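# Residue-level structural notes
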Amino acid sequence: MNINIISRGKGKSAVAAAAYRAGESIKNEYDGQVHDYTSKKGIVHAEILLPENASVEYLNRSELWNAVEKIEKAKNAQLSREVRLALPNVFSLEQNINLVHEYVRQNFVDKGMCADICIHDRGDGNPHAHVMLTMRPFEKGGTWGAKSKMEYILDDNGERIKLPSGRPKTKKISVTGWDEQGNAEIWRKSWADILNDNFEKYGHEIIVDHRSYARQGLEVLPTIHLGVVAHGLEQRGIDTERGDINRSIRAANARLKSVDNEINAIKNPPKPQLIIDLEKSIKAQNSPGYAHWARIFNLQQMAHTLIYIQENGFVDMESMQTAHQNAKTDVADIQQQIDSTKAKSKSLVVQKEQAEIYRKTLETYKKYNASGQFAYFKNKFYDQHKVDIDAHKKARAYLFEELKLDKFPSLKKLSGEIGELTAQEKSLRQELKAKQSDVYNLSTITHNARMLLGYNELEMQGNIPTIPSGNLRFMLSYHDTLTHAQKRGETKEYFQSLSLDIDCADFIRRGIEKGMDTTSLVKETLTTYGKHRAAKVVAAFANNASSSQLANHDSTDPTMQTHQAFQFIPSDFFMQKFGETADSMQSIIFKYDNKGVPLTDENGQPTQHFGWAFPKEAAEQKLWAGKKDWDVGLSIADRIAMARQKVDEQKNNQPPRTKPKRSNDHEL
């Protein structure tokens, strides 16, 4: 379907258009010109449909369109709207006439338009209908109505707004609504619906869609309209330029369909084992591994990890690690190129600066170095122009001695080279930024995948991984930790910490073996070894830390002690109690000075921070040992009240400050 306007402003005539489409001879009374198209062939049907209130005289084509030409006074008046409909060649002429009647009456005539219908069919497989529509409505008496009306623009008080000329401000309002932009979409959809209804009615398995290929989501290129002349030539076997374009488009569409099939096959390849393993870990929602992942991250990050791995074609951890290492190598190479480019640019900048100094001071140097001068005058000239002469000598030495140039360099060429190097450096920095982003993404994705697979592996081995506390979710085996400590030169500190960890592990293990009350054991462990170490040891217990990796190590390895200390798993009840007790002991701690008075901030409020509040007995032991910064395990409200009370007492015990009396000069 095509919709266009026949406008006098574009040199068109409604009478001429109607005569051509109907194959008649009609005189245009507006300009006196006769339009004779009686020799035109291929016109199989022509008729006029009138709406309610229209005069029957307008069933005459000449009367109708000459009346339109007469009522439209403007030089640029819109005379008619034309709708061109492509008709199905599977229908008979009678079926196509009924089809057009149904569509035109429903969408145009019943809305108040006159419709001049002309169906063309030259037997070339391209039947179509031209529908010319009037632009004005009819009044009840059969006279032409107005296309639009003027409406006054009112202010907030309902008063008319006046222009500087004193005339009221107005706007044009459409009377019919026929010119609204949304009508084209409505008319096209209606034509598609009526076509589909008739296809079904007459038993044709054809479905049409009024939307473009792009709106339907189809990657198909649309063909172009041939036109009357080109269509006729193509029917006679003569290739035309437009026909060649359509043949190329059809060939391209066939190739697109083939490529689309290939892409669909590529998009749905067998899943690599890495993706299968990750999905298993994520889908096992009742597993500790899933609980740990979901607590630290979220479903969106899970999806991002899987999508990134699939889009980049990684099949295992090794391929991701290789890509990560390659990306880091690329970053180093690009950084090296940037450094080299900067060095070249800096060298050229210095060369250009020295060349500019050389040129600027050349005349002064020539006068100074001219032959036949007395020494007195030469020295006097030097004293007057010492700066320029010395600068010239320095520039000359740099250009021709240090750089060993054969001739004076071109400043224009140097500027161009500096500009190119600057642009190159900018481009390299953009590339570097992209590569650094790749490194970050690969590092994050590799880390996430390794962590999740690690939990999945523990579950497959029959262990019951739990959710470690704090920052221990990525805890390495003690053997790997030793390796890192050795690299940092912190072996001594490592073994000191390891010794305390083993003590803490033995403390917990002995308490469990003796049947000690779980709550008491947890409290004593936290009190004796502190939050961080106790949590680390409990996490190592829960994950059976490093037992599988250390089993094959030499027995002389110092970290075997750790393996022996952590080779059993506490009960679920102990793990639950440990978490509950640890959480309940998290509270507010106030800071005190060496006299036991709470420290205050600039607003006079007690200084506080979140930390561990130990049981009263343990806190009192700390206080007896001279540790004034430990609380006594009271409630938060009690602690705040006590701290404020001590602050107030300290303020009240201080003697009041008096201002010194100001002395005046006249009292002296």
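Our subject is the structure that appears above.
To start, this report covers the structure provided alongside it. Just so it is clear, the structure is predicted and the values come from calculations on it, not from any experiment.

If you tally the helices and strands in the protein chain, you get 22 helices and 11 strands. Out of the 668 residues in the protein chain, the part that is buried amounts to 35%. A separation of at least 24 residues holds for 66% of the contacts in the protein chain among residues at least 6 apart in sequence.

As a further point, take the nonpolar core. Most often, soluble globular proteins keep nonpolar side chains buried together rather than apart. Of all hydrophobic cores here, the largest spans 25 residues; its most connected members are Leu85, Tyr103, Val104, Phe108 and Val131. Breaking this core down by element, the ones donating at least two residues are β5 (78–86), α3 (93–107), β6 (115–120), β7 (128–133) and α4 (182–201). Apart from residues lying up to four places away in sequence, Phe108 is in contact with Val83, Tyr103, Met113, Leu133 and Trp187. If you look at the next biggest cluster of nonpolar residues, it comprises 21 residues, including Ala18, Ala19, Ala67 and Val68.

Once that is clear, we can look at the sheet that holds β6. A sheet is described by the order of its strands in space; here 5 strands give the open sequence β1-β5-β7-β6-β4, paired in antiparallel fashion. Since the sheet does not close on itself, it has two edges, and those belong to β1 (2–7) and β4 (43–49), each with one partner. Across the sheet, the mean angle from the axis of one strand to that of its neighbour is 20°, orientation sign disregarded. Here β4 runs beside β6; their pairing, made up of 6 bridges, is antiparallel.

On to the packing of aromatic side chains. A complete count under the given rule lists 15 aromatic pairs for this structure. Each ring, one from Phe108 and one from Trp187, has its centre 5.1 Å from the other, and the planes form 70°; the classification is edge-to-face. Here Phe108, found in the loop between α3 and β6, pairs with Trp187, found in helix α4; they are 79 residues apart in sequence, far enough to count as distant. Taken as a pair, Phe108 and Trp187 share a single burial class, namely buried. Ring pairing ties together the aromatic residues Tyr103, Phe108, Trp187 and Trp191, which thus form one cluster. One Lys or Arg, Arg8, reaches over the ring of Tyr30 and ends 3.9 Å from the middle of that ring.

Turning our eyes to something else, we now look at the packing of helix α1 (residues 14–22) against helix α2 (residues 61–71). Their axes nearest at 8 Å, the elements α1 and α2 cross at an angle of 155°. In terms of axis orientation, α1 runs roughly antiparallel to α2. For the crossing formed where α1 meets α2, the hand is right-handed. Contact residues: Ala14, Val15, Ala18 and Ala22 in α1; Arg61, Trp65, Asn66 and Glu69 in α2. Per-class residue counts for the contact of α1 with α2 are 5 nonpolar, 1 polar and 2 charged.

Turning our eyes to something else, we now look at the packing of helix α10 (residues 317–368) against helix α12 (residues 386–402). In a pair of packed helices, the angle between the axes and the distance between the axes together describe the arrangement. Running from N to C, α10 and α12 point in directions that differ by 130°, and their axes come no closer than 7 Å. Between α10 and α12, the crossing angle belongs to the class labelled oblique. Taken as a pair, α10 and α12 cross one another with a handedness that is left-handed. In contact with Ser347, Val350, Gln351, Gln354, Ala355, Ile357, Tyr358, Thr361, Leu362, Thr364, Tyr365 and Tyr368 of α10, α12 contributes Asp388, Ile389, Ala391, His392, Lys393, Lys394, Ala395, Arg396, Tyr398, Leu399 and Phe400.

Right, let's get into a nonpolar patch on the surface. Taken together, the side chains of Val90, Ile206 and Val208 make up a nonpolar region of the molecular surface, amounting to roughly 180 Å² of accessible area. Along the chain, Ile206 turns up in the loop between α4 and α5 (228–235).

This paragraph deals with the pattern of salt bridges. Applying the stated rule across the entire model yields 11 salt bridges. One salt bridge in this structure joins Glu69 and Arg8, with 2.9 Å as the shortest N-O distance. Of this pair, Glu69 sits in helix α2 while Arg8 sits in the loop between β1 and α1; the two residues are 61 residues apart in sequence, bridging distant segments of the chain. Both residues of the pair, Glu69 and Arg8, belong to the buried class. The residue Arg81 makes a salt bridge to Asp179 at a minimum N-O spacing of 2.5 Å. Of this pair, Arg81 sits in strand β5 while Asp179 sits in the loop between β9 (170–174) and α4, and the two are 98 residues apart along the sequence.

With that settled, the discussion passes to unusual backbone geometry. At Asn53, a position not held by glycine, the phi torsion is positive, near 80°. Looking at the element boundaries, Asn53 is found in the loop between β4 and α2. By relative accessible area, which is 31% here, Asn53 ends up partly exposed. The phi angle at Lys404 is positive, at roughly 55°, despite the residue not being glycine. Locating Lys404 in the fold gives a position in the loop between α12 and α13 (411–460). For Lys404, a relative accessible area of 62% puts it in the exposed group.

Cut-offs used in this document
- All residue numbers refer to position in the chain's written sequence, counted from 1.
- Whole-chain, interface and lining totals are the exception, using all residues; otherwise, since this is a predicted model, local features are given only for residues with pLDDT of at least 70 and side-chain atom pairs are given and counted only at 80 or more.
- The side-chain quantities take in all heavy atoms of the structure and omit both hydrogens and water.
- Put simply, DSSP marks the helices as runs of H or I at least four residues long and the strands as runs of E at least two long, and each gets a number from the N terminus on.
- Relative accessible area decides the class of each residue, using a 1.4 Å probe on protein chains only: under 20% of the type maximum gives buried, over 50% gives exposed, and in between gives partly exposed.
- Two residues form a contact once any of their heavy atoms are found within 4.5 Å.
- Throughout this description, the term nonpolar core refers to a set of buried Ala, Val, Leu, Ile, Met, Phe, Trp, Tyr and Cys residues connected via side-chain atoms within 4.5 Å.
- Should DSSP find at least two bridges between two strands, the strands are regarded as paired.
- Geometry is summarised by axes, namely lines fitted to C-alpha atoms with helices restricted to the contacting stretch, and by angles between N-to-C directions that run from 0 to 180 degrees.
- When two rings of Phe, Tyr or Trp (its six-membered ring) have centres within 6.5 Å they constitute a pair, described as stacked for plane angles under 30 degrees, edge-to-face for angles over 60, and tilted for the intermediate range.
- Comment: the charge-over-ring label is applied if NZ (Lys) or CZ (Arg) is within 6 Å of the ring centre and within 35 degrees of the ring normal.
- Small angles under 35 degrees read as roughly parallel and large ones over 145 as roughly antiparallel, with 65 to 115 read as roughly perpendicular and the rest as oblique.
- In this scheme the handedness of a crossing depends on how the near helix is turned from the far one: anticlockwise by less than a right angle means left-handed, clockwise means right-handed.
- Residues are grouped as follows: Ala, Val, Leu, Ile, Met, Phe, Trp, Tyr, Cys and Pro are nonpolar; Asp, Glu, Lys and Arg are charged; all remaining types, including Gly, are polar.
- Excluding any residue in a salt bridge, patches collect residues exceeding 30% relative accessible area, merging like charges within 9 Å and nonpolar Val, Leu, Ile, Met, Phe, Trp and Tyr side chains within 5 Å.
- Where accessible areas are quoted, they stem from the Shrake-Rupley method and a 1.4 Å probe; at the residue level, only the protein chains shown are allowed to cover.
- A side-chain nitrogen of Lys or Arg and a carboxyl oxygen of Asp or Glu constitute a salt bridge if their distance falls within 4 Å.

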